[in-house]
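# Coordinate analysis (summary)
Residue strings, one per chain:
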Amino acid sequence: MQLAKIHSYDEWLQKLDSRRDNIDLDPFSNMEYMGHTQTATYMTGPRQLTQATLPSIMQSSYKPFDTYPAPSPLRRSLTTLPWRPSTYYQTAQTNPTTAISKSMNEPLSTRNQLSQLDNIKVPPVFAASRNALYTRYTPNDWSSSNQTNYMSSDRVRSGAERVRLDTIRLCRETDDKTRRTQTDVGKKLGERIGDISFWKTELNHETDNMIAETNALNEAKRVLEKALAETENPLHVAQECLYHREKRQAIDLVHDNPEKELIREVDIIKRCQNKMRDIVDKSNVQIGLNRAAQHELEKDSGDKFAAQSLDETCHGMRNASRGLAFHNGVHRIDNTVSVPESWAKFTNDNIQRSQSERAASKHMRNEIESVLNACANEMWQEWNAVNVALTGRMQDTTDARNKLQTHLSKVLQEIFDMEKNIELLKKSIQDKVSPMQVAQTRLDTRIRRPNVELCRDPVQHRLVSEVSEISETVDYLQAQLRQSENTLQELLRTKSTLEQDLSVKNNSLFIDREKCLGMRKTFPMAPRVVSF
């Protein structure tokens, strides 16, 4: 039997309504189908019998088989009776009668008269005469008896023939009715198998889609968990950079732009990790919902498979099939839990629930991809910002170091010159010793002049002024020497400061260049995620 394929739930309902409209309402279709509530009628009182006389064969007229007597007015439906087990076992008392009338005429008119003689006492003399009269019939009685037998034979034969014809007609009618009923049941079983096959196909298709969607969500969650684990690498690098930069010395231990960017990078990475953990938790919940919907689909599909197998077994049963047996009272059992509409609605609800969960799962996968790309881009941009800040700071430190080196070289040159100047001053002061000794010796020698020769002549004035000039010159040179020595000490202190600052700058450059940028040459995780 070729079954029409149903493509939607609404179309299936329309087809079911059309099947109900096409039910044959002929007199032979008043049969109740298996699975429906049984409505039977029973005799609740004694049957009223009417005595009917079978007509003769010549006078009887054949009635068509579709003429049926009116229902008995004493019948009432089972649904109007109280719910009692004894309802199914009510019995009726019947008084069977024969179809042949018992009102036959007596063969002898004197028989009635003679029968009255039994109650009359007669003398013994007349006893022999009475016995003789009992065994004697008249010719009319004999003829009447024969005619009665003939008529009785005709009536009996006519009734038997009618019963035989009625039996043949009834057998044909019941065979035809049973065959048409069995064919109709087979047709409905085939339609039911087609409906079950359609919904089972839809369930299997939806189950396959749900399995594929669940696998895709599991793969997306795996990638997300892998990305979450990989975020520990840039977080460790940022924290190591902050730790290394804490080793800067003196004035270089400043809260500069690279340090701000590193702190911001740590915050961004931790915020992205929290987002990923939330999405992982949501993914686990969605996977649980997907598996619950898949379980309902597989359970419904398994029930459909079992029902289809049983209905196919029923559809393949024939009168000559094996394993047939009587199951008394099975037609009274109604253990159904659904009707075709609720049955189809149940499967359709399962499919719609699965489709809704698949849509939510797809949205979750898109959200996972969006979060992965957003977090990767944000961390990548902050990674580049930190590198740019470190590079700029290194450039500033390098410029400062170069300037310090220039100043240090100038200070060293100045120290060298100042040392020469001090040597020159010392030599100049040393050179003033001899002229001072000469001038003082001259004065001391001229003091020994006798008497009036001790004249305060210009020579005396000049020698005195010479000694004074030499003393002043020596004093000035010594003052200049002390100043030069002080300046030299300041230059030496400046040199020490510059050298220390150069050492600090070199240490900062080593940390930023070797320690920090050395670890930040490559981004330690994939910057983008391929679309699922």
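Our subject is the structure that appears above.
Throughout what follows, the structure given in this document is the object of discussion. In this text the structure is predicted, and so the values were computed from the model without any measurement.

## Quick notes on the overall build of the protein
- Helix and strand counts for the protein come out as nine helices and two strands.
- Traced from its N-terminal end to its C-terminal end, the protein shows the element sequence α-β-β-α-α-α-α-α-α-α-α.
- With 532 residues in all, the protein has 28% of them scored as buried.
- When contacts within the protein are restricted to residue pairs at least 6 apart in sequence, long-range pairs at least 24 apart make up 89% of them.
- If you sum the accessible surface of the protein, you get close to 36,100 Å²; carbon and sulfur atoms cover 54% of it.

## Notes on the packing of aromatic side chains
- For the structure shown, the criterion picks out one aromatic pair.
- Here the aromatic rings of F198 and W199 are separated by 5.0 Å at their centres, their planes lie at 65 degrees, and the arrangement is edge-to-face. With respect to burial, F198 and W199 carry one shared label: buried.
- Between the NZ or CZ atom of R192 and the centre of the ring of W343, over which it lies, the distance is 3.8 Å.
- Directly above the aromatic system of W383 lies the positively charged group of R520, at a separation of 4.0 Å from the ring centroid.

## Description of the environment of N350
- For N350, the position within the fold is in helix α7 (residues 340-431).
- Given the relative accessible area of 9%, N350 is considered buried.
- The residues contacting N350, other than those within four sequence positions of it, are E296, L297 and D300.

## Focus on the nonpolar core
- If you look at the biggest cluster of nonpolar residues, it comprises 36 residues, and the most contacted ones within it are L224, M276, I368, L372 and M379.
- Elements supplying a minimum of two residues to this core: α4 (139-230), α5 (232-245), α6 (257-315), α7 and α9 (458-519).
- Here the element with the most residues in this core is α7; it accounts for ten residues.
- The next biggest cluster of nonpolar side chains, apart from the first, holds 21 residues, and it includes V411, M436, L443 and L491.

## Quick word on the packing of α4 against α6
- Contact pair α4 / α6: the axes reach a minimum separation of 8 Å and the direction vectors enclose 160 degrees. One finds that α4 runs roughly antiparallel with respect to α6. Considering how the two elements wind past one another, α4 and α6 form a crossing that is left-handed.
- Of the residues in the contact of α4 with α6, the class split is 20 nonpolar, 16 polar and twelve charged.

## Thoughts on the side chain of E206
- Here E206 shows up in helix α4.
- Its relative accessible area of 2% is what places E206 among the buried residues.
- A polar contact is formed between the side chain of E206 and the backbone nitrogen of Q355, at a distance of 3.5 Å.
- For E206, the contacting residues outside a window of four places in its chain are L297, I351, S354, Q355 and R358.

## Concerning the packing of α4 against α5
- Running from N to C, α4 and α5 point in directions that differ by 10 degrees, and their axes come no closer than 4 Å. Taken as axis vectors, α4 and α5 run roughly parallel relative to one another. Residues L228, A229 and E230 of α4 form the contact with α5, whose own contacting residues are E232, N233 and P234.
- Counted by class, the contact of α4 with α5 contains three nonpolar, one polar and two charged residues.

## Re the pattern of salt bridges
- One pass over the full model with this rule turns up 28 salt bridges.
- Among the salt bridges present, the one from E206 reaches R358, with a minimum N-O distance of 2.7 Å. Linking E206 in helix α4 with R358 in helix α7, this pair joins segments that are 152 residues apart in sequence.
- Classification of R358 by relative accessible area gives partly exposed; the value is 23%.
- Salt bridges sharing common partners tie together R245, R248, D256, E259, R393 and D512.

## Observations concerning the side chain of N290
- On the secondary structure map, N290 appears in helix α6.
- Overall, N290 belongs to the buried group, its relative accessible area being 0%.
- Non-local contacts of N290, meaning those with residues more than four positions away in its chain, are made with M210, T214, L217, E357 and S361.

## Re unusual backbone geometry
- Of note, A250 is a non-glycine position whose phi angle comes to about 50 degrees, a positive value.
- Classification of A250 as exposed rests on a relative accessible area of 59%.

Parameters at a glance
- Residues numbered from 1 in each chain as written.
- Predicted model: local features only at pLDDT ≥ 70, side-chain atom pairs only at ≥ 80, totals over all residues.
- Heavy atoms only, no water.
- Helix = DSSP H or I, 4+ residues; strand = E, 2+ residues; numbered from the N terminus.
- Buried < 20%, exposed > 50% of the residue type's maximum accessible area, 1.4 Å probe, protein only.
- Contact = heavy atoms within 4.5 Å.
- Areas by Shrake-Rupley, 256 points an atom, 1.4 Å probe, with all protein chains shown as cover.
- Phe/Tyr/Trp six-rings, centres within 6.5 Å; stacked < 30°, edge-to-face > 60°.
- Lys NZ or Arg CZ within 6 Å of the ring centre and 35° of its normal.
- Core = buried A, V, L, I, M, F, W, Y, C linked by side-chain atoms within 4.5 Å.
- Axes fitted to C-alpha atoms, helices over the stretch in contact; angles between N-to-C directions.
- Parallel < 35°, antiparallel > 145°, perpendicular 65-115°, else oblique.
- Left-handed = near helix turned anticlockwise from the far one by under 90°.
- Nonpolar A, V, L, I, M, F, W, Y, C, P; charged D, E, K, R; others polar.
- Polar contact = N/O pair within 3.5 Å; in protein donor to acceptor, adjacent residues only side chain to side chain.
- Salt bridge = Lys/Arg side-chain N within 4 Å of Asp/Glu carboxyl O.

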